[in-house]
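Okay, here's what each chain looks like letter by letter:
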Amino acid sequence: MFVDLHSHSTASDGTASPSEVAQLAAAAGLSAWALSDHDTVAGIAEASAASASLGIDFLPGIEVSAEYPQPGTLHILGYGIDPNSPVLADLTRQLLAGRDTRNPRIIAKLQSLGLDITMDEVEAEAAGGVVGRPHIAAILLRKGYVGTTKDAFNKYLAPGGQAYFDKERLTPRDALDMIRGSGGLAVLAHPIQLRTENHGQLEQVIKDLMDLGLEGLEVIHSDHSAQDVETYTRLADRLGLLKTGGSDFHGGKKPNIPLGMANGRRIPRRFYEDLRDRLVSRRGGNTNTI
Ligand code: AMP
Ligand code: ZN
Ligand code: FE
Ligand code: FE
């Protein structure tokens, strides 16, 4: 029995709608999944309803970026958050406002470099979802300015690229407070992307996050090698963290990452059950509120 606890839909930068991701989860034979769109819970209601009608378990999630020194990135997953929480609404609004400042700057810079691209096109590409760099990359690709999405990031959109602007991020403390304040359980996403220099530094970063309320570590992820999975599993066990895993599915944006499969590895249902049990016990055994 397998699951996938990290996925994106059209509510952020994935290409499948929340109910399509639910259908893919069922088709892949998964017994549970979580939607974890960037900075938004707009897809949760649809994903939850579709999962119920397909008879598979669903966990609401979100993925937020927090401040962290380059070249690393710090992403926190929040599971079991209440999509109607006012705490979450406040913070997601702030995060979206940050994007509203950043995206036009990227576009203006691309225009000044002589590229034909407008904010209207980018918004159309996002089709009402949260606008992110992958949407800009898709347009650059379609217009032939770059040969691949990766080129779009390397040349223009990633740190060091000609049109890179950082987005406003939450501090790690605010990100964890938001998740816990909206009833969720915080998990460090893809620790490989912290790009820590050694094991000691990795452990210190994780311990600091635990002091702020971190409860889990994403040990299985598409960016993790077999060796990484082993390292993170051992660390999670030693520090008493919950273990989670997911593909980081984005649909056609990352066509080599299928739902339910993370670098050739499946994600055990036990990861889902441990998360669910922690959430249920916190809520006095009430399973209706997850
Ligand atoms: P944003 O939310 O606008 O900062 O964009 C984040 C998204 O861009 C995530 O889905 C990443 O997977 C994707 N992304 C970031 N860096 C790269 C890269 N170098 N190549 C391809 N995709 C990337
Ligand atoms: Zn994404
Ligand atoms: Fe991420
Ligand atoms: Fe993700």
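For the structure itself, look to the data block above.
What counts and how
Residues numbered from 1 in each chain as written. Chains lettered and ligands numbered in written order. Predicted model: local features only at pLDDT ≥ 70, side-chain atom pairs only at ≥ 80, totals over all residues. Heavy atoms only, no water. Helix = DSSP H or I, 4+ residues; strand = E, 2+ residues; numbered from the N terminus. Rg over C-alpha atoms; globule rule 2.2 N^0.38 Å. Buried < 20%, exposed > 50% of the residue type's maximum accessible area, 1.4 Å probe, protein only. Donors = N, O, S within 2.8 Å, 3.2 Å for Na, K, Ca; no water. Near = heavy atom within 4 Å. Polar contact = N/O pair within 3.5 Å; in protein donor to acceptor, adjacent residues only side chain to side chain. Areas by Shrake-Rupley, 256 points an atom, 1.4 Å probe, with all protein chains shown as cover. 1 Å grid on protein atoms, 1.4 Å probe; cavity = no way out; pocket = protein on both sides within 12 Å on 5 of 7 lines; lining within 4 Å. Sits in = over half its atoms within 2 Å of the grid points. Nonpolar A, V, L, I, M, F, W, Y, C, P; charged D, E, K, R; others polar. Expected span 1.5 Å × (residues − 1). Arc of directions from axis to C-beta. Contact = heavy atoms within 4.5 Å. Points joined across faces, edges and corners; volume = space filled by probe spheres on them. Core = buried A, V, L, I, M, F, W, Y, C linked by side-chain atoms within 4.5 Å. Tetrahedral: all angles 85-135°; square planar, octahedral: opposite > 155°, others 65-115°. Pairing = 2+ DSSP bridges. Right-handed = clockwise from strand over helix to strand, strands pointing away. Salt bridge = Lys/Arg side-chain N within 4 Å of Asp/Glu carboxyl O.

Let's shift gears to the overall build of the protein. On a plain count of helices and strands, the protein comes out with 10 helices and 8 strands. Here the C-alpha atoms of the protein give a radius of gyration of 18 Å, agreeing with the 19 Å that 2.2 N^0.38 yields for 290 residues. Projected onto its principal axes, the C-alpha coordinates of the protein cover approximately 55 × 45 × 40 Å. By residue count, 53% of the 290 residues in the protein fall in the buried class.

Turning next to the coordination of the zinc ion (ligand 2). Every protein donor of the zinc ion (ligand 2) is accounted for by Asp13 (OD), Asp13 (OD), His38 (NE2) and His250 (NE2), and the metal-donor separations fall at 2.0 to 2.6 Å. Linear spacing of the donor residues for the zinc ion (ligand 2) on their chain is D-x24-H-x211-H. Between the zinc ion (ligand 2) and the iron ion (ligand 4) the interatomic distance amounts to 4.9 Å. Of this pair, aspartate 13 sits in the loop between β1 (2-4) and α1 (18-27) while histidine 250 sits in the loop between β7 (242-245) and β8 (267-268), and the two are 237 residues apart along the sequence. Taken as a pair, aspartate 13 and histidine 250 share a single burial class, namely buried.

Before going further, it helps to examine the site of ligand 1. What surrounds ligand 1 is the set Asp13, His38, Arg99, Arg102, Gly132, Arg133, Pro134, Lys150, Phe153, Lys167, His250 and Lys254. Interatomic distance of 2.8 Å between a backbone N/O atom of arginine 133 and an oxygen atom of ligand 1. In this structure, lysine 167 approaches ligand 1 through a side-chain N or O atom, which is 3.0 Å from an oxygen atom. In isolation ligand 1 offers 500 Å² of accessible surface; the protein chains occlude 79% of this area. The site holding ligand 1 turns out to be the largest pocket. Among the residues making up the shell around ligand 1, the classes are represented as 2 nonpolar, 3 polar and 7 charged.

The first and last C-alpha atoms of helix α9 (residues 226-239) sit 20 Å apart over 14 residues, in line with the 20 Å expected at 1.5 Å per residue. Taken residue by residue, α9 has Asp228, Val229, Thr231, Tyr232, Leu235, Ala236 and Leu239 as its buried positions. The arc that holds every buried residue of α9, seen down its axis, measures 165°, which confines them to one face. In α9, the exposed residues that point more than 90 degrees away from the buried face are Ala226, Gln227, Arg234 and Arg238. Buried positions along α9 lie against α8 (199-211), β6 (216-220) and β7. Two residues or fewer past α9, glycine 240 is found with a positive phi of approximately 75°.

The method is simple in principle: a probe with the dimensions of a water molecule rolls over the atoms, and the space it marks as empty is what remains. Considering all chains together, one arrives at 1 cavity of 30 Å³ or more under this definition. By volume, the largest cavity is sized at about 30 Å³. Of the residues that constitute the lining of the largest cavity, the class distribution is 1 nonpolar, 1 polar and 5 charged.

Our next topic: the nonpolar core. Most often, soluble globular proteins keep nonpolar side chains buried together rather than apart. Counting residues in each nonpolar core, the largest one holds 64 residues, and the members touching the most others are Trp33 and Ile206. Counting residues in each nonpolar core, the second largest holds 20 residues, with Ile107, Leu115, Ala137 and Ile139 among its members.

Protein ligation of the iron ion (ligand 4) involves His6 (NE2), His8 (NE2), Glu63 (OE) and Asp248 (OD), the donor distances falling in the range 2.1 to 2.2 Å. For the iron ion (ligand 4), the 4 donor atoms are set out with angles of 80 to 169° between them, so the coordination reads as irregular. Read from N- to C-terminus, the donor residues coordinating the iron ion (ligand 4) fall into the pattern H-x1-H-x54-E-x184-D.

This brings us to the pairing of strand β2 (residues 32-35). A two-sided burial pattern is seen for β2, the buried positions comprising Ala32 and Ala34 on one face and Trp33 and Leu35 on the other. Pairing of β1 with β2, which is carried by 2 bridges, proceeds in the parallel orientation. Across the sheet, the residue bridging to aspartate 4 is tryptophan 33, located in β2. In the classification by handedness, the crossover that spans β1, the intervening α1 and the parallel β2 is right-handed. Here 4 bridges tie β2 to strand β3 (residues 57-66), and the two strands are oriented parallel to one another. Bridge pairing links alanine 34 to leucine 59 in β3.

Our next topic: the pattern of salt bridges. This model, assessed by the stated rule, comprises 16 salt bridges. In this structure, lysine 243 and aspartate 237 form a salt bridge, with 2.5 Å as the shortest nitrogen-oxygen distance. Here aspartate 237 falls in the partly exposed class, since its relative accessible area comes to 46%. Taking the shortest distance from any N to any O, the salt bridge between aspartate 277 and arginine 276 comes out at 3.3 Å. Residue aspartate 277 is classed as partly exposed on the basis of its relative accessible area, which comes to 41%. What emerges from the salt-bridge pattern is a single network uniting Arg180, Glu215, Arg278 and Arg282.

These figures come from the coordinates and say nothing about function on their own.
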